[in-house]
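Fold and contact review
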Amino acid sequence: MWRMRRVAVACEVCQSLVKHNSGIKGNLPLQKLHLVSRSIYRSHHPTLKLQRPQLRTSFQQFSSLTNLPLRKLKLSPIKYGYQPCRNFWPARLAARLLKLRYLILGSAVGGGYTAKKTFDQWKDMIPDLSDYKWIVPDIVWEIDEYIDFGHKLVSEVIEASDLLLLLGSPGETAFRATDRGSESDKHYRKGLLGELILLQQQIQEHEEEARRAAGQYSTSYAQQKRKVSDKEKIDQLQEELLHTQLKYQRILERLEKENKELRKLVLQKDDKGIHHRKLKKSLIDMYSEVLDVLSDYDASYNTQDHLPRVVVVGDQSAGKTSVLEMIAQARIFPRGSGEMMTRSPVKVTLSEGPHHVALFKDSSREFDLTKEEDLAALRHEIELRMRKNVKEGCTVSPETISLNVKGPGLQRMVLVDLPGVINTVTSGMAPDTKETIFSISKAYMQNPNAIILCIQDGSVDAERSIVTDLVSQMDPHGRRTIFVLTKVDLAEKNVASPSRIQQIIEGKLFPMKALGYFAVVTGKGNSSESIEAIREYEEEFFQNSKLLKTSMLKAHQVTTRNLSLAVSDCFWKMVRESVEQQADSFKATRFNLETEWKNNYPRLRELDRNELFEKAKNEILDEVISLSQVTPKHWEEILQQSLWERVSTHVIENIYLPAAQTMNSGTFNTTVDIKLKQWTDKQLPNKAVEVAWETLQEEFSRFMTEPKGKEHDDIFDKLKEAVKEESIKRHKWNDFAEDSLRVIQHNALEDRSISDKQQWDAAIYFMEEALQARLKDTENAIENMIGPDWRKRWLYWKNRTQEQSVHNETKNELEKMLKCNEEHPAYLASDEITTVRKNLESRGVEVDPSLIKDTWHQVYRRHFLKTALNHCNLCRRGFYYYQRHFVDSELECNDVVLFWRIQRMLAITANTLRQQLTNTEVRRLEKNVKEVLEDFAEDNEKKVKLLTGKRVQLAEDLKKVREIQEKLDAFIEALHQEK
């Protein structure tokens with residue numbers, strides 16, 4: 001307790017002195033110092049000449065108290081008369097304890113200062129890596145923060161040590177403040193105060209010596225370093241920097257590879273259903289769907305579509321496709337040596353997935369990009385789609401091919417590969433190819449939110465570039481352009497001045513401006529190189545390249561990996577900045593369209609083209625089903641009538657008239673049987689099937705085209721007509737129908753037995769109708785041949801022509817001949833023709849024998865038909881004689897029996913065709929209609945062509961705008977959740 005009080009008193013006095021005086025100046029009398037103080041004073045007084053050790057050239061840890069030979073001092077006893085002897089041994093003990101305390105505190109201060117100095121020198125030797133901070137992982141900068149914290153902690157310890165040395169602890173101060181000892185204690189405090197002052201002076205002297213030593217060392221070290229040339233120093237630092245970057249690059253790649261494998265395992269587990277949950281669509285897939293809907297909604301790409309895309313443009317063969325393949329990590333595009341391969345825009349959506357696959361938007365087939373066979377098939381499919389999009393007479397097409405590429409570690413973005421810009425149209429190209437490529441490129445680049453990835457070939461002269469001028473026109477301030485210099489390996493070999501490459505990368509050579517400049521290597525020009533081989537070659541090239549070693553290129557400006565990271569960051573930044581504004585614009589568009597619909601069609605539902613097609617499809621199927629509801633009587637009537645109209649001319653001209661020229665009933669029946677047999681074997685079944693098919697078409701058309709009253713919607717008329725024509729075109733009658741029909745018709749015509757008087761009368765009526773119709777046709781033919789009669793000439797002021805007058809004179813002469821012989825045969829003899837001609841010549845009418853024959857045919861035909869009608873009236877009462885086979889009767893009615901056979905054959909044929917129609921053909925036609933409707937449903941071009949009008953277009957726009965708005969809202973929500 002007594003010793004603690006002594007120490008507290010000494011420290012309190014020291015503290016009070018430090019507050020008033022920063023140091024002690026002047027010499028204190030040696031007799032007034034404590035014995036410990038005197039010993040220290042003698043050994044370190046400035047008047048004493050002590051040999052100081054020489055400063056070593058190498059670094060060593062030292063403190064301010066290193067050279068204090070406290071333990072070697074021998075204290076000389078001094079006796080004071082007024083000091084009691086009982087206070088001597090406690091003073092010695094306290095002095096030794098204080099000496100040990102100050103040694104420990106001084107060592108701590110000196111050690112802390114030395115550690116700080118060494119750390120500062122080591123830190124100054126490290127090169128500045130602030131420009132390459134993006135390369136170093138975040139953990140390194142976290143460690144650096146801890147190091148800074150440690151440095152601050154050391155400084156605080158040093159400062160705290162100095163304060164403790166000078167001020168002491170608060171507890172001790174308080175204790176010493178309350179200590180009021182005796183007079184001997186005052187003398188003791190004096191001795192302690194002097195000792196503390198000397199210790200403080202020694203500490204300051206050693207600190208000054210340390211500073212001078214460090215200054216001498218730094219001066220000698222700087223002089224030694226100055227001997228080394230600046231160039232060698234720069235080279236050394238650059239080499240160290242490059243090695244450091246490559247080291248961190250390898251670490252990053254290893255970590256990314258491990259991360260990729262882990263993500264792949266997680267995604268594979270999700271695919272296998274281990275977690276039994278439905279995976280959400282990725283953010284980039286949702287965004288790609290929005291772009292697909294937009295492309296369908298607005299094929300002309302007008303100003304409404306301002307959503308970001310990465311548009312890849314460049315001169316032909318500049319390496320656009322190779323850069324895109326390196327970003328997608330697969331050789332997915334067709335390749336050619338110097339020829340144009342990209343003939344239409346290709347939209348590539350990159351996203352993460354467990355497997356490296358590719359698939360088209362309109363196809364479910366997945367191409368495994370790890371297999372060479374699938375890669376070849378994918379390239380072939382892309383080439384086929386490009387050629388299909390290109391119309392005849394054109395070289396390129398604005399139609400977009402949409403491709404999704406998924407794989408572990410892919411940067412999420414949407415890129416559009418455009419056809420390469422050309423300067424000259426070569427043979428085999430369309431004359432407007434150059435202008436078409438420019439218009440396609442401008443259409444994509446004029447989007448204010450599109451990111452332009454400008455690809456420039458580094459192996460050719462910069463002055464030959466075309467695309468840079470085009471890009472500078474579209475983005476003059478370079479706010480959304482990223483410049484990429486390809487084939488840098490060839491450029492380094494071929495360019496005489498490497499500084500030219502530096503000018504390109506720094507944006508000083510071209511007039512265009514850009515957000516960033518990158519230099520990449522996309523292989524050695526071998527199309528069979530793998531992506532891994534190209535990447536290894538690229539890293540090896542830049543590791544050994546003079547462009548990096550000489551600081552012409554910065555490390556973050558090289559490799560396609562850095563390019564893909566930069567493009568992806570820029571893409572998502574642009575998306576976040578613009579997507580909400582685009583969503584608001586589509587909300588306004590939707591409101592305008594809905595208002596227009598309410599004003600124009602207030603009582604109609606908003607049915608788009610697909611919904612209208614479904615409605616029309618149901619109506620058409622209902623109308624086809626209506627065919628099965630047609631009554632059998634109606635089918636048979638229209639079939640019988642149509643079949644008789646088709647065969648009546650043949651029956652009368654080729655069967656009845658030749659048979660009627662015979663002299664007896666036996667010959668008549670024989671002739672009729674032969675003619676009917678020939679007709680049935682060759683023509684009749686085919687004619688019957690044709691009539692049935694035409695009848696089915698007419699009935700189907702009648703149901704399809706007849707109006708339905710107020711419910712009729714004329715918007716479906718074009719669609720119904722197209723469905724009807726296509727269905728009829730596809731329908732084929734059953735091939736076995738003619739064979740079965742031939743047998744039935746042959747059996748019907750062989751039957752001659754009329755069972756009752758009703759059938760006899762029906763046959764007579766049928767015969768009269770047929771003969772009267774033919775007689776009417778014959779009368780019209782004769783009238784046209786001879787011209788108007790006297791009544792028409794008087795009433796209608798019509799005159800005969802010279803030819804008609806000759807025909808009239810010839811007719812009159814032939815009628816005189818028939819009156820003389822009413823049973824004249826059907827043909828004129830040669831002498832009869834001569835007689836008629838001479839009689840006409842005697843009256844001054846010159847005629848030709850052929851004119852006489854033509855006139856005779858019509859005159860005799862009329863005479864025969866009138867005779868047949870008179871005979872038909874006589875046969876009305878001939879059924880009785882028919883039953884007796886006309887025995888003992890002069891009346892023969894074989895012609896009535898012929899027409900009965902024809903009538904019965906028509907009835908049986910109509911019944912057979914009706915059964916075939918209702919049981920088979922109507923169902924087959926219904927099946928064809930369904931197939932046609934299914935084909936039309938899959939053909940959007942057909943629907944657009946057949947369902948037209950303002951109402952349809954307005955409903956389509958409403959549907960698309962709503963779909964776009966909904967997808968944009970879902971995407972924005974997912975985007976905010978990802979933040």
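Cut-off values and rules
Residues numbered from 1 in each chain as written. Predicted model: local features only at pLDDT ≥ 70, side-chain atom pairs only at ≥ 80, totals over all residues. Heavy atoms only, no water. UniProt positions renumbered as here; feature names shortened; annotations may be inferred. Helix = DSSP H or I, 4+ residues; strand = E, 2+ residues; numbered from the N terminus. Buried < 20%, exposed > 50% of the residue type's maximum accessible area, 1.4 Å probe, protein only. Contact = heavy atoms within 4.5 Å. Areas by Shrake-Rupley, 256 points an atom, 1.4 Å probe, with all protein chains shown as cover. Disulfide = S-S within 2.5 Å. Pairing = 2+ DSSP bridges. Salt bridge = Lys/Arg side-chain N within 4 Å of Asp/Glu carboxyl O. Expected span 1.5 Å × (residues − 1). Core = buried A, V, L, I, M, F, W, Y, C linked by side-chain atoms within 4.5 Å. Phe/Tyr/Trp six-rings, centres within 6.5 Å; stacked < 30°, edge-to-face > 60°. Lys NZ or Arg CZ within 6 Å of the ring centre and 35° of its normal. Patch = residues over 30% accessible without salt bridge, like charges linked within 9 Å, V, L, I, M, F, W, Y side chains within 5 Å.

An unreviewed UniProt entry lists the protein chain under the name Dynamin-like GTPase OPA1, mitochondrial, from Sciurus vulgaris. Annotation of the protein chain in UniProt includes, under Catalytic activity (unreviewed entry), the sentence "GTP + H2O = GDP + phosphate + H(+)". Looking at the protein chain in UniProt, the text filed under Subunit (unreviewed entry) is "Oligomeric complex consisting of membrane-bound and soluble forms of OPA1. Interacts with RCC1L; RCC1L acts as a guanine nucleotide exchange factor (GEF) for OPA1 by exchanging bound GDP for free GTP. Interacts with CHCHD3 and IMMT; these interactions occur preferentially with soluble OPA1 forms. Interacts with PRELID1."

1. Some remarks on the overall build of the protein chain
Along the backbone of the protein chain there are 32 helices and 9 strands. Looking at the protein chain as a whole, 44% of its 979 residues qualify as buried. A separation threshold of at least 6 residues defines the contact pool for the protein chain, and within that pool the share at least 24 residues apart is 81%. A total of about 55,100 Å² of accessible surface is found on the protein chain, and carbon and sulfur atoms cover 51% of it.

2. Details of the state of the cysteines
Summed over the entire model, instances satisfying the criterion amount to 1 disulfide. The side chain of C875 participates in a disulfide bridge whose partner is C893; the two sulfur atoms lie 2.1 Å from each other. Note on the C875 and C893 pair: the S-S dihedral is about -100°, so by sign convention the disulfide is left-handed. Taken together, the residues span a long stretch of sequence, with C875 in the loop between helix 28 (849-874) and helix 29 (879-883) and C893 in the loop between helix 29 and helix 30 (894-938) at a distance of 18 residues. Accessibility expressed as a relative area gives 0% for C875, which makes it buried. A relative accessible area of 0% means that C893 is categorised as buried.

3. Focus on the pairing of strand 1 (residues 310-314)
Across a regular strand the side chains alternate sides, sitting on one face of the sheet and then on the other. Taken across its 5 residues, strand 1 has 5 buried, putting it largely inside the fold. Both faces of strand 1 are covered, namely the face carrying V310, V312 and G314 and the face carrying V311 and V313. Relative to strand 7 (residues 451-457), strand 1 runs parallel, the two being bridged by 5 bridges. Its bridge partner being in strand 7, V313 is matched across the sheet by C454.

4. Some remarks on the pattern of salt bridges
As enumerated under the stated definition, the model contains 41 salt bridges in all. The salt bridge involving E619 is made with K720; its shortest N-O contact spans 3.2 Å. Separated by 101 residues along the polypeptide, E619 in helix 18 (residues 609-627) and K720 in helix 22 (residues 717-730) bring together distant segments of the chain. A relative accessible area of 23% places E619 in the partly exposed class. The shortest N-O distance in the salt bridge between R862 and E779 comes to 3.4 Å. A residue pair is termed long-range when its members are at least 10 positions apart, and R862 in helix 28 and E779 in helix 24 (residues 757-786) qualify at 83 residues. Salt bridges sharing common partners tie together R590, E594, E606 and R962.

5. Remarks on helix 24
In a regular helix each residue adds 1.5 Å, so 30 residues correspond to 44 Å; helix 24 covers 43 Å between its end C-alpha atoms and thus fits that length. Just downstream of helix 24, G787 is the residue with a positive phi angle, here 90°.

6. Observations regarding the pairing of strand 8 (residues 481-486)
Within strand 8, 6 of the 6 residues are buried, which leaves it mostly tucked inside the rest of the structure. Along strand 8, one buried face is formed by T481, F483 and L485 and the opposite face, lined by I482, V484 and T486, is buried too. Bridge count for strand 7 against strand 8 is 6 bridges, and the pairing is parallel. In the strand pairing of strand 8, I455 is matched with V484.

7. Observations concerning the nonpolar core
Among the nonpolar cores identified, the biggest contains 101 residues, and W644, Y656, W679, W760, I902 and V929 are the most heavily contacted of them. In terms of residue count, helix 30 provides more of this core than any other element does, 17 residues in total. Apart from residues no more than four positions distant in its own chain, V929 is found in contact with I620, L621, V624, F700, V723 and S727. One finds I382, L563, A583 and A955 within the second-largest nonpolar core, a separate group that totals 67 residues.

8. Examining the UniProt feature "coiled-coil region" (unreviewed entry) in the protein chain
The positions that UniProt labels "coiled-coil region" (unreviewed entry) are, in the present scheme, residues 189-272 and 915-942. The annotated region residues 915-942 carries 96% helix and 0% strand content, and the separation between its end C-alpha atoms amounts to 35 Å.

9. Concerning the packing of aromatic side chains
Scanning the model with the defined rule gives 14 aromatic pairs in all. Relative to F971, the ring of Y287 lies with its centre 5.1 Å away and its plane at 45°, an arrangement referred to as tilted. Note that Y287 is positioned in helix 8 (residues 283-297) and F971 in helix 32 (residues 950-978), a separation of 684 residues in sequence. Like F971, Y287 is buried. Note on W572 and F971: the rings are 6.4 Å apart at their centroids and 25° apart in plane angle, and the pair reads as stacked. With W572 in helix 17 (residues 560-600) and F971 in helix 32, this residue pair connects regions lying 399 residues apart in the sequence. Feature note: the residues W644, Y656, F766, F864 and F899 constitute an aromatic cluster, connected by ring pairs. For R702, the ring lying beneath its charged end belongs to F703, and the centroid distance is 4.6 Å. Note that K943 overlies the ring of F613, its terminal NZ or CZ placed 5.7 Å from the centroid.

10. What about a nonpolar patch on the surface?
A grouping of W790, W794, L795 and Y796 is seen on the molecular surface, where their side chains present a nonpolar patch of about 610 Å² in accessible area. Checked against the element boundaries, W794 lands in helix 25 (residues 790-796).

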